[in-house]
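Residues per chain, in single letters:
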Amino acid sequence: MAIKTYAVLLRGINVGGHKKVPMAELRTLLEGLGHGGVRTYLQSGNAVLAADHGDEESLAAEVRAAIEEHFGFAVDVLVRDHAYLKAVADACPFPAADLEAKQLHVTYFSGPVDPARFASVDQQAFLPEEFRLGDRALYLYAPDGLGRSKLAEQLAKPRLTKGLIATTRNWNTVARLEEMTRA
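Just so it is clear, the model here is predicted, and its values are computed rather than measured.

Engineer: Would you take a moment to explain the nonpolar core for this structure?
Structural biologist: Taken as a class, soluble globular proteins show a tendency for nonpolar side chains to be buried jointly. Grouped together as the largest cluster of nonpolar side chains are 24 residues, with contacts concentrated most on Val 88, Cys 92, Val 106, Tyr 108, Trp 171 and Leu 177. The set of elements that each furnish at least two residues to this core consists of strand E1 (4–11), helix H3 (82–90), strand E5 (104–109), strand E7 (137–141) and helix H6 (171–180). If near-sequence neighbours (up to four positions away) are discounted, Tyr 108 is found in contact with Leu 9, Leu 78, Tyr 84, Leu 85, Val 88, Arg 136, Ile 165, Ala 166, Thr 167, Arg 169 and Val 174. In this structure, Leu 10, Val 38, Leu 59 and Val 79 belong to the second largest nonpolar core, which totals 23 residues.

Engineer: What exactly am I supposed to notice about the sheet that holds E1 here?
Structural biologist: Backbone-to-backbone hydrogen bonds pair the strands of a sheet. The strands run either parallel or antiparallel. Taken in spatial order, the 4 strands of this open sheet run E2-E3-E1-E4, and their pairing is antiparallel. The outermost strands of the open sheet, each flanked by one partner alone, are strand E2 (36–41) and strand E4 (76–81). Taking each pair of neighbouring strands and ignoring which way they run, the sheet shows an average axis angle of 20°. Sheet topology note: the E1/strand E3 (residues 46–51) ladder contains 6 bridges and is antiparallel. The residue of E3 that forms the bridge with Lys 4 is Ala 51. Sheet strands in contact with helix H2 (residues 56–71) are E1, E3 and E4, and its direction is about 145° off that of E4. Along the sheet, H3 contacts E1 and E4; its crossing angle with E4, the most-contacted strand, is approximately 85°.

Engineer: Explain the pairing of E7 here, please?
Structural biologist: Counting buried residues along E7, 5 of its 5 residues qualify, which places the element largely inside the surrounding structure. Burial of the side chains of E7 extends over both faces: Ala 137, Tyr 139 and Tyr 141 are buried on one face and Leu 138 and Leu 140 on the other. In this structure, E5 lies alongside E7, joined through 5 bridges in antiparallel fashion. Across the sheet, Thr 107 pairs through a bridge with Leu 138, a residue of E7.

Engineer: I would appreciate a short explanation of H6 in the present structure.
Structural biologist: Two residues of an α-helix separated by three or four positions point the same way, owing to the 3.6 residues in each turn. Inspection of H6 places Trp 171, Thr 173, Val 174, Leu 177, Glu 178 and Met 180 among the buried residues, and these make up the whole buried set. For H6, the secondary structure elements touched by its buried residues are E1, E2, E3, H3, E5 and strand E8 (166–170). Taking the backbone nitrogen of Asn 172 as reference, a side-chain oxygen 3.0 Å away marks Asn 170 as the first, capping residue of H6.

Engineer: What should I look at first to understand the side chain of Asn 46 in this one?
Structural biologist: The topology assignment puts Asn 46 in strand E3. By relative accessible area, Asn 46 is classed as buried at 0%. At 2.6 Å, the side chain of Asn 46 forms a polar contact with the side chain of Arg 169. Excluding its chain neighbours within four sequence positions, the residues that come into contact with Asn 46 are Val 8, Leu 9, Arg 39, Thr 40, Tyr 41, Arg 169, Thr 173 and Leu 177.

Engineer: Explanation requested: the packing of helix H1 (residues 23–32) against H2 in the structure shown.
Structural biologist: Pairs of packed helices are described in terms of their axes, by the angle between the two and the distance that separates them. At a minimum axis distance of 11 Å, the contact between H1 and H2 shows a crossing angle of 125°. Comparing the axis directions of H1 and H2 gives the class oblique. Here H1 runs over H2; the crossing is right-handed. Contacts between H1 and H2 involve Glu 25, Leu 26, Leu 29 and Leu 30 from the first element and Val 63, Ala 66, Ile 67, His 70 and Phe 71 from the second. When its residues are assigned to classes, the contact of H1 with H2 shows 7 nonpolar, 1 polar and 1 charged.

Reading the values: rules and limits
Residues numbered from 1 in each chain as written. Predicted model: local features only at pLDDT ≥ 70, side-chain atom pairs only at ≥ 80, totals over all residues. Heavy atoms only, no water. Core = buried A, V, L, I, M, F, W, Y, C linked by side-chain atoms within 4.5 Å. Buried < 20%, exposed > 50% of the residue type's maximum accessible area, 1.4 Å probe, protein only. Helix = DSSP H or I, 4+ residues; strand = E, 2+ residues; numbered from the N terminus. Contact = heavy atoms within 4.5 Å. Pairing = 2+ DSSP bridges. Axes fitted to C-alpha atoms, helices over the stretch in contact; angles between N-to-C directions. Polar contact = N/O pair within 3.5 Å; in protein donor to acceptor, adjacent residues only side chain to side chain. Parallel < 35°, antiparallel > 145°, perpendicular 65-115°, else oblique. Left-handed = near helix turned anticlockwise from the far one by under 90°. Nonpolar A, V, L, I, M, F, W, Y, C, P; charged D, E, K, R; others polar.

This is the structure we're talking about:
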């Protein structure tokens with residue numbers, strides 16, 4: 001099997017002193033699983049690795065189990081290949097080049113998202129904030145940033161994300177992970 005490069009997205013680590021996963025330890029852990037080219041980006045749970053076995057789902061399960069065994073707590077993990085990350089970046093419905101990175105975010109989902117899931121969200125009530133759905137992704141334009149976004153708060157409600165792993169990255173991280181996974 002050919003070697004493929006993947007981004008590993010960990011959800012909810014190193015936030016407020018909870019679920020601490022030092023990036024150096026994460027790199028060592030991933031290398032110990034037999035992966036090459038391991039790199040991390042920022043402290044918020046972004047890694048890149050090269051694998052000659054498995055697919056996104058099996059790699060996510062492998063990393064999830066290794067983290068739980070090593071660190072003693074469960075972490076949601078998504079793994080995405082370069083082609084997917086590039087397609088998500090290319091399909092952005094907002095003018096990414098004209099916006100500050102803090103204004104544009106992508107929430108990656110573990111599976112497909114039916115628009116009916118978000119039909120109850122009154123988009124008009126949150127303007128100028130907006131969201132659009134993509135392939136296992138949600139694009140969020142929040143002009144005042146994620147921390148002040150009322151729409152982001154609404155979109156994160158458990159009833160909307162039930163049954164899915166959902167993890168959000170700002171546009172700088174979206175672009176950087178696409179770049180880091182390029183072969």
